[in-house]
Every structure is written in structure tokens, then in C-alpha cells.
Amino acid sequence: MDVLTTPLTAFSQYFSKSDYVLALPMILLTVFALGILMIDLMLPEEWKRLNALTALIGLGFSAAAVFRIHSLLGPEVSCIPGFFGTVVMDRFAVYFFYLFLVGAAVAVLMSVKYLEIERENHGEYYALILFSVIGMMAMACGYDIIMLFIGLELMALSTYVLVGFLRRDQRSNEAALKYLILGAFSSGIFAYGLSLFYGLTGSTNLGTIAQGLEKRISANPNDPVVIFALLAVSTGLLFKIAAVPFHQWAPDAYEGAPTAITGFMSVAVKSAAWALLLRMFLFGFYPLRALYVPMLIFVALATLTGGNLAAITQTNTKRLLAYSSIAHVGYMLLGLIASDGTSNTTGIKGIMFYLLVYTFMNLGAFAVIASLRRREIIGDDLDDLAGLYKKAPVEAVLMLIFLLSLAGIPPLAGFYGKYFIFLSLVETGHFALAGIAVLYAVVGLYYYLKMANAMFMREETTAEPVKSSPSMSLALAICAIGTIGIGLFPNVFIELVNWSMSGANAATIAQLMH
Amino acid sequence: MPQNYVPIFIFLLIAFLIGAGTVLVASLIRPNNPDKVKLMPYECGIDPVDSARKRYTVRFYIVAILFVVFDVETVFLFPWAVQFKLLGLFGFVEMMVFLGILIVGYIWIWKKGALEWI
Amino acid sequence: MVPLSWYLLLSAFLFASGVAGFLIRRNIITIFMSIELMLNGVNLAFIAFATVRHSLNGNVFVFFVMVVAAAEAAVGLAIIIAVYRTRETLNVDRVNLLKL
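The structure presented is a predicted model; accordingly, all values stated were derived computationally and were not measured.

Enquirer: What is the right way to read the overall build of chain C from this model?
Expert: Summing up its helical and strand segments, chain C has 3 helices and 0 strands in all. Helices (α) and strands (β) of chain C occur, in sequence order from the N terminus, as α-α-α. Within chain C, the proportion of its 100 residues that are buried is 48%. If you take every contact in chain C between residues at least 6 apart in sequence, the share linking residues at least 24 apart comes to 55%. Per element, the accessible surface of chain C, about 5,000 Å² overall, is 68% carbon and sulfur.

Enquirer: What am I meant to see in the pairing of strand E1 (residues 79-82) of chain A here?
Expert: For a regular strand, side-chain orientation follows a simple rule: the groups alternate between the two sheet faces. All names here are of chain A. Of the strand pairs in this sheet, E1 and strand E2 (residues 87-90) are connected by 4 bridges, and their pairing is antiparallel. Among the inter-strand pairings, Cys79 is bridged to a residue of E2, identified as Asp90. Where E1 folds back on E2, the antiparallel hairpin that results is connected by 4 residues, among which Phe83 adopts a positive phi of roughly 50 degrees.

Enquirer: Would you take a moment to explain the packing of helix H14 (residues 317-337) of chain A against helix H18 (residues 413-427) of chain A for this structure?
Expert: Between two packed helices, the angle of one axis relative to the other and the distance separating the axes together describe the packing. Residue and element names in this part refer to chain A. Two numbers describe how H14 lies on H18: the axes approach to 8 Å, and their chain directions differ by 40 degrees. By the angle class used here, H14 and H18 are oblique. Like other packed secondary-structure pairs, H14 and H18 cross with a definite hand, here left-handed. For the pair H14 and H18, the contacting residues are His328, Tyr331, Met332, Leu334 and Gly335 in the first and Lys418, Ile421, Phe422, Ser424 and Leu425 in the second. Here the residues of the contact of H14 with H18 are counted per class, giving 6 nonpolar, 3 polar and 1 charged.

Enquirer: When you look at the interface of chain A and chain C in this model, what are you seeing that I'm missing?
Expert: Frequently, the measure chosen for interface size is the accessible area that the parts lose on association. Between chain A and chain C, the residue contacts involve 43 residues of the former and 42 residues of the latter. Taken over both partners, the interface formed by chain A and chain C buries close to 3,700 Å², and the fraction arising from carbon and sulfur atoms is 76%. Considering only the side of chain A, the residues that lose the most area to chain C are Phe185, Tyr192 and Tyr198 of chain A, jointly responsible for 18% of the buried surface there. Counting across the chain A and chain C interface gives 0 salt bridges. Our count for the contact surface shared by chain A and chain C stands at 8 residue pairs in polar contact (both at pLDDT 80 or more). Secondary-structure elements contributing two or more residues to the side of chain A that touches chain C are helix H7 (145-163), helix H8 (170-201) and helix H11 (249-256) of chain A.

Enquirer: What am I meant to see in the pattern of salt bridges here?
Expert: Pairs may arise between side chains of opposite charge once their charged atoms sit close together. Residue and element names in this part refer to chain A. A full pass over the atoms with the stated rule returns 13 salt bridges over all chains. Here Arg279 and Asp90 are joined by a salt bridge, their closest N and O atoms 2.9 Å apart. Note that Arg279 is positioned in helix H12 (residues 259-284) and Asp90 in strand E2, a separation of 189 residues in sequence. Arg279 sits in the buried class, given a relative accessible area of 0%. Residue class for Asp90 comes out buried when judged on its relative accessible area of 0%. Between Asp223 and Arg216 there is a salt bridge, and its shortest N-O distance comes to 2.6 Å. For Asp223, a relative accessible area of 6% corresponds to the buried category. Relative accessible area serves as the criterion here: at 33%, Arg216 is assigned to the partly exposed category. A network of salt bridges, in which partner residues are shared, links Arg171, Glu174, Lys178, Asp252, Glu255 and Arg319.

Enquirer: How should I be thinking about the confidence of the model for chain C in this particular structure?
Expert: The predicted coordinates ought not to be read in detail in places where the model reports low pLDDT. In the predicted model, chain C carries a mean pLDDT of 87, and 89% of its residues have values of at least 70. Looking at the elements of chain C, mean pLDDT is at its lowest for helix H3 (residues 57-87) of chain C, recorded as 89, and at its highest for helix H1 (residues 4-24) of chain C, recorded as 93.

Enquirer: Explain the interface of chain C and chain B to me, please; I cannot follow it from the model alone.
Expert: With 12 residues of chain C at the interface, the matching set in chain B holds 12 residues. The largest contributions to the chain C side of the interface with chain B come from Phe63, Val67 and Ile81 of chain C, which together make up 38% of the buried area. The tally of links between chain C and chain B comes to 0 salt bridges. Counting the contacts that link chain C with chain B gives 0 residue pairs in polar contact (both at pLDDT 80 or more). Looking at the side of chain C that touches chain B, the element that brings in the most residues is H3 of chain C, giving 11 residues. Of the residues belonging to the side of chain C that touches chain B, the class tally is 11 nonpolar, no polar and 1 charged.

Enquirer: Can you walk me through the side chain of Thr204 of chain A in this structure?
Expert: Within the secondary structure, Thr204 of chain A is located in the loop between H8 and helix H9 (206-219). Taking relative accessible area as the criterion, Thr204 of chain A reaches 0% and is therefore assigned buried. Within the structure, the side chain of Thr204 of chain A is placed 3.0 Å from the side chain of Asp144 of chain A, a separation counted as a polar contact. Setting aside chain neighbours within four positions, we find Thr204 of chain A in contact with Tyr143, Asp144, Ile145, Ile146, Tyr198 and Ile209 of chain A together with Asn57 of chain C.

Enquirer: It is not clear to me how H12 of chain A should be interpreted in this structure. Could you clarify?
Expert: The periodicity of an α-helix, 3.6 residues per turn, causes residues three or four places apart in sequence to face the same way. Residues and elements named next belong to chain A. With 26 residues, H12 ought to run about 38 Å at 1.5 Å a step, and its terminal C-alpha atoms sit 35 Å apart, in line with that. At Met265, H12 is deflected by roughly 35 degrees, the largest bend along its length. Among the 26 residues that make up H12, 26 are buried, leaving the element largely enclosed by the rest of the structure.

Enquirer: How should I be thinking about the environment of Tyr448 of chain A in this particular structure?
Expert: Here Tyr448 of chain A shows up in helix H19 (residues 431-456). Take Tyr448 of chain A: its relative accessible area is 2%, and that puts it in the buried class.

Enquirer: Looking at this structure, how should I read the packing of aromatic side chains?
Expert: Where two aromatic rings form a pair, the distance of their centres and the angle of their planes describe that pair. Enumeration over the complete set of coordinates arrives at 38 aromatic pairs over all chains. Summarising the aromatic geometry, the rings of Tyr125 of chain A and Phe165 of chain A are spaced 5.1 Å apart at their centres and angled 70 degrees between planes, so their arrangement reads as edge-to-face. Linking Tyr125 of chain A in helix H6 (residues 123-141) with Phe165 of chain A in the loop between H7 and H8, this pair joins segments that are 40 residues apart in sequence. Consider the rings of Phe76 of chain B and Phe98 of chain B, whose centres lie 5.6 Å apart with planes at 80 degrees: the pair is edge-to-face. Taken together, the residues Phe76 of chain B in helix H2 (residues 59-82) and Phe98 of chain B in helix H3 (residues 84-112) connect sequence positions 22 residues apart. Judged by its relative accessible area of 16%, Phe76 of chain B is buried. Above the ring of Phe283 of chain A, the side-chain terminus of Arg279 of chain A is found at 4.8 Å from the ring centroid.

Enquirer: Can you walk me through helix H21 (residues 490-501) of chain A in this structure?
Expert: A rise of 1.5 Å per residue sets the reference length of H21 of chain A, with its 12 residues, at 16 Å; its end C-alpha atoms lie 17 Å apart and thus fit the reference within 8%. Elements in contact with the buried residues of H21 of chain A: helix H5 (91-118), helix H15 (346-371), H18 and helix H20 (470-488) of chain A.

Enquirer: For this particular structure, what's the right way to read the nonpolar core?
Expert: Where a protein is soluble and globular, its nonpolar side chains tend to be buried together. With 232 residues, the main nonpolar core has Phe96, Met110, Trp274, Leu278, Met280, Phe285 and Leu333 of chain A as its most contacted residues. Among all residues touching Trp274 of chain A, those that are not within four sequence positions of it are Ile241, Val329, Met332, Leu333, Ile351 and Leu355 of chain A. Core analysis: the second largest hydrophobic core is formed by 7 residues, Val72, Val75 and Met95 of chain B together with Val67 of chain C among them.

Scoring rules and cut-offs
- Residues numbered from 1 in each chain as written.
- Chains lettered and ligands numbered in written order.
- Predicted model: local features only at pLDDT ≥ 70, side-chain atom pairs only at ≥ 80, totals over all residues.
- Heavy atoms only, no water.
- Helix = DSSP H or I, 4+ residues; strand = E, 2+ residues; numbered from the N terminus.
- Buried < 20%, exposed > 50% of the residue type's maximum accessible area, 1.4 Å probe, protein only.
- Contact = heavy atoms within 4.5 Å.
- Areas by Shrake-Rupley, 256 points an atom, 1.4 Å probe, with all protein chains shown as cover.
- Pairing = 2+ DSSP bridges.
- Axes fitted to C-alpha atoms, helices over the stretch in contact; angles between N-to-C directions.
- Parallel < 35°, antiparallel > 145°, perpendicular 65-115°, else oblique.
- Left-handed = near helix turned anticlockwise from the far one by under 90°.
- Nonpolar A, V, L, I, M, F, W, Y, C, P; charged D, E, K, R; others polar.
- Buried area = accessible area lost by both parts, 1.4 Å probe.
- Salt bridge = Lys/Arg side-chain N within 4 Å of Asp/Glu carboxyl O.
- Polar contact = N/O pair within 3.5 Å; in protein donor to acceptor, adjacent residues only side chain to side chain.
- pLDDT = per-residue confidence, 0-100.
- Expected span 1.5 Å × (residues − 1).
- Bend = angle between axes of the 7 residues up to and from the residue.
- Phe/Tyr/Trp six-rings, centres within 6.5 Å; stacked < 30°, edge-to-face > 60°.
- Lys NZ or Arg CZ within 6 Å of the ring centre and 35° of its normal.
- Core = buried A, V, L, I, M, F, W, Y, C linked by side-chain atoms within 4.5 Å.

Here it is in C-alpha cells:
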């Protein structure tokens, strides 16, 4: 009978206001995403653009909430744990929050005109973008494998639907199907690995897992169960960042998806996967560094080779950029190899800087391709770029800037991304890897210039003019300013990256928790 | 203690009475004119004895999708119901937020016409 | 009491059957069922570990895995319907417009 007579536990016992300050960026996005779903039901066809505006306002409010957390993280506060240690809001997380918000905002701007041309202008599209950003945020700030897994799945499920958003287009729903099947398979393997880590350490908290693994690995440095679990989890993570040999989904999904979503996937979704990978490898699995580095060296070399060589033969621009994005993952993996297992090294800073740079230049390239979509022309073939300079000189010059930046030509942003990775390799004595990376950078130059060649040297194949829209121009402007700005004033952004990595390491978080 | 099981028996009795009562009342007040199609096991138009490999209409898939999603959400309601007192007002508010999000989804599929059997 | 290793063996068996089904089967629906089987193997492992270690987190993870599996199935079915509407087949070998 005592169950019925005990009073309700007080509200304040579980509620803590500071937790909700941390979750505010996600809560705001949820409210706006649900709002879009409801408003969309009432909007007539010609008012559908309002959905994009609502999404942008939501992203703006969320950015303001992130900025509030940003300002809480002063010089002496390196991280704020919340929700009983399942969430850790450190500078690392805040940095990624900004990346996701910028990526999503530019993707929304790119989509407005594109969806009207495709006649699939529904509010769900924007709601799904916001939902996937919520998932990404959970991946960046989660410190518990439950939280990380839910974040990953929320992002992935939203992206599957977005890839197949052009329901009547065979390529789009085929891409969604392949992405979903392979994605679900990799999530299954990932979850199995997580279950083994839980069994090994008895905890779902990354910090406690790290402590448990440290004990276990010092008892037996080649514990087969640990190796198996690490392999399973790494497979899931490497799949999500599209590293060779787990990359097969990427070219298909990138080619079939609506171009704005391809851009979104290649930057925001990829950054989120990197946030998860770095969080797990640097904060949870740092005791296993001796085990995972040889594996990563193999994967990084395979990724550089596979991505760069496959990109050479492509004739579809979206597919070409998909392989090039696989190649970029290879460079970033080199940064992880060159780190010493903690976050405060040139290699990790190089990855963070690379992701920032990559957000602008890759979104920019996809924005130009999206702007080529008009009535009958899909615009994703290499031939569609032919003679672009004569038809649309502004777009062609911007595309050239983005391509040169992707190739890593100074003084554009992409150069500094590669520079820090190479620097970290040289600092840690990986001269052979650095040499191979430079060699592949030259290969990369070839296929980027192939696209530039089509735009500037070849005759145009169609007379159909390229019409820009205000939102697309804004998206292109943001990407161009980012790409050129980071290239001209790298110090400002290097400071930002240094800030994002300072203080946030597994040891400080463990101290705060206990 | 055997007497501890008394509430369970009362509960079973009430459950049985409600079930039997509704069937009985329904059979008394409904019009009764059966025909061949109506007496089939599945009233939705599926032939009960047939090859299992036969195709059936895509509408079932849509119902299945919606069912799976809304069915599984109850998995979160059970633990909350068991620890209702312990979780208190906070648990209640959180659960209402959760259900509120679900209801937004429900309104959305309703207005989109996914619940119509076109 | 049944020892932990039995549960883990069953869980590994379920997971491996799922992986095998995923790799061998050619029908999309069957592939999806294989993925569900994999996730059930994961769930069993979590439950077994949670019981042995007297920690609730494993059980909580299972709830979320179940919901994720349901959401994956729902999205999967929806995409399958869209694929079927545009090309009238559910054999993965014939869904090949995008070269691999």
C-alpha cells in the first residue's frame, strides 16, 4: 500500500535550470521544426517560402542560445556537464554547434529555389533539416553512449528521408534506399560494439568507459574482446565519415540526393560524424591508442587512394565531388594519426580547422551546381558546366575559387586546412605519410582543374540561361566570403580553433564529474 | 499470502464482465443482416485462404508504418508508469512534452491524409 | 542461473545471422528483417550485461535501440514504397541506376 500513499517527488529534485540552458539550442530547434510542420499544413502553395524563413529564424535563435553557452565558457570554465553527466558542453561541442548551424543555414538558402523547380516544396524538408541538426548537436555534446547513439540515429534517419525527398525521381529514392540499408547496417555494427564496451566496463559514460578500458588494457595490451569491440565501433564511425573501405554509399547518396542536401550531407553531416569520432577516440578510447593508430593508417591511405583515383574518372560533378570529399576525409584521418591521443595537438586542430574550411568551400561548390538546376537540365553532369563562364561569369569565377580552395591552392582557405595536417605529420615524424599526402594533393589538383577547364575552355552545350535567386546569391556570398576570408585572415580562425580545443580533455571532464 | 491475490481476481472478473458485456449489448442493439462478405474473417477485403505470395495493396504498408511508430512509443510510457510516484511532477511534465511532440506528428499525418483509406 | 556466456553466444549468433542475411539476401524487405535481427542481438547483449552488472543503463539503451529500430523500419518501408512506385521491383540487384 505504501506505493499509493507516498507523495509525488518534488519537481525540483530532477529539474535543474542550468541543464536546460545547455539543451536550449536543441529545444529551440525542436520547437521551430514542429512549428514548421504545423504552419506548413495551413500555407497555400505560393507561401511555401515562408517555411525556409521559419527554419532560418529557428537556426538564428538556436545560434543565440549557443552563443549564450559560449559566453558561459569563460577562461576558467572549460566545460559544463549536465543531465547527470550524459551531456558535456565544452568548447569542442560549441565549435561544432556553430559549424552545424552555418551548414544548415546555407543549405536552407540553397534549397528555396531548388525545391520550387523540383515541385517538391514541402515544409517537412526544412523540419527534417532542423531535426538532423538536433541529432548532430546531441552527437557533439553527448558524453554517454546512449546520447551519442540517439543523436547519430536522429541525424541519420532525417538524412535518409532528405536524400529520398524527390519522391518521383528514380535516382533520388534509389540513393535513399542504398544509404538507408548501408546506414542501418553500420548502425547495427556500431551498436554491437557499444554493447561490448558496456559489458567490458559496466558503464555507458564515456569517461568511465575510458577508465575501465585503461585498467583492462594495462592488464592485457592485446585483449581480443577489446580489439573486437574497437573494430565494431570503428567500422560504424568510419562508415559515417565515408572512409574507404566503408565509402560505397557516399557517391550514390551524394549523386541521387537533391543538390542542396548533397551539400548539407558533405559538410554538416560529415562534421557531426567527425565530432562523434573525435569524441569517442579522444575522450572514450584514448587508452586504446596503440591499437587504433595502425588501423587508422591503413584506412587513411586506402581513403586517400580510393577517393582521389576514383574521382579522376567521374563525369558527374556531384559524384566527382563525392569522391573528392572521401579524399578529404583521408587528409583529416592523417591529422588524427598525428595526434598523441589527446585533443591538444596540431593534428586535431588541423582536423577542426579543416572542417571549418571545408564547410564553406564544399557548400559553395554544391551551391553553384544547385544553381545550374533549371527546367529540363539537372545540371550535375560535367558537360553542364561547359561554357559556364560565358553564360554566368559570376558563378563560374566563384566555382573556380571553391575548386582551387578544395585543391589547396594558397591563399585560399583550403590551403591552410591541408597545411596544418601536413605540419602535424612532419612534427610527429610521419614523413612518409606526409609525402604521400602531398602527392595525392597534386592528383586532386588534376580533377578540380578538369572541372575548371570545362567551365572556362569548352564551348557551351545549351543556351538555357542560368538564373540566380536572392537566397542562392546569399548562400554563394556566405561561402565565398568564408573561403576567401579564412584564406586572407587565417589567424582569426586559428584563434577560434585553439579556443575550441583548449581545456577540453578527458581528464578535466573526469575531474568535473567526480 | 493467498488473500493478496483477491484484487487480481476482482480485476480479472471486471475485465471479463466488460468484455462480455460489450459483446452482449452490441449484439442486442445492432441491426443483424449478415451476408457472405461480411462474415469473412478479415472484413477489409483480403481473401483469408490464398497464396501467401500474393501482392496486396500498398495502403497496408502505410498503416503498418504508422502503427509501428506509434506502437513502439509506448515503450517509454511503461517505465514512467511504474515509477510514476518517484519521478513525480517532473516526470509528468517531461512525459507530456514527449506526448506533445507525438501529437504534433499525429496531427500532421492526419491532416496529410495518411489515415484516410482512399 | 544461466551463465552470461550463453546469452552472449546467443546474442552473437543472432547478430551473425543478421549480418549473413544482410549479405546473402536480395529482397529489400528481407534485408530489413536481417538488420532488425542484428539489433535484437545487440539488445540481448545489453540486457545480459545490465543484469550481470546490476546497472540500469543497459536496459535504457535497449529501449532506445527498439525505438530506433522501429523508426528505421518505418522510414525504410516508406522509401521501399517510393522505390517500388518508380520501378516495380524490390530486388536490390535491379535497383542499379546509380553505378556502384
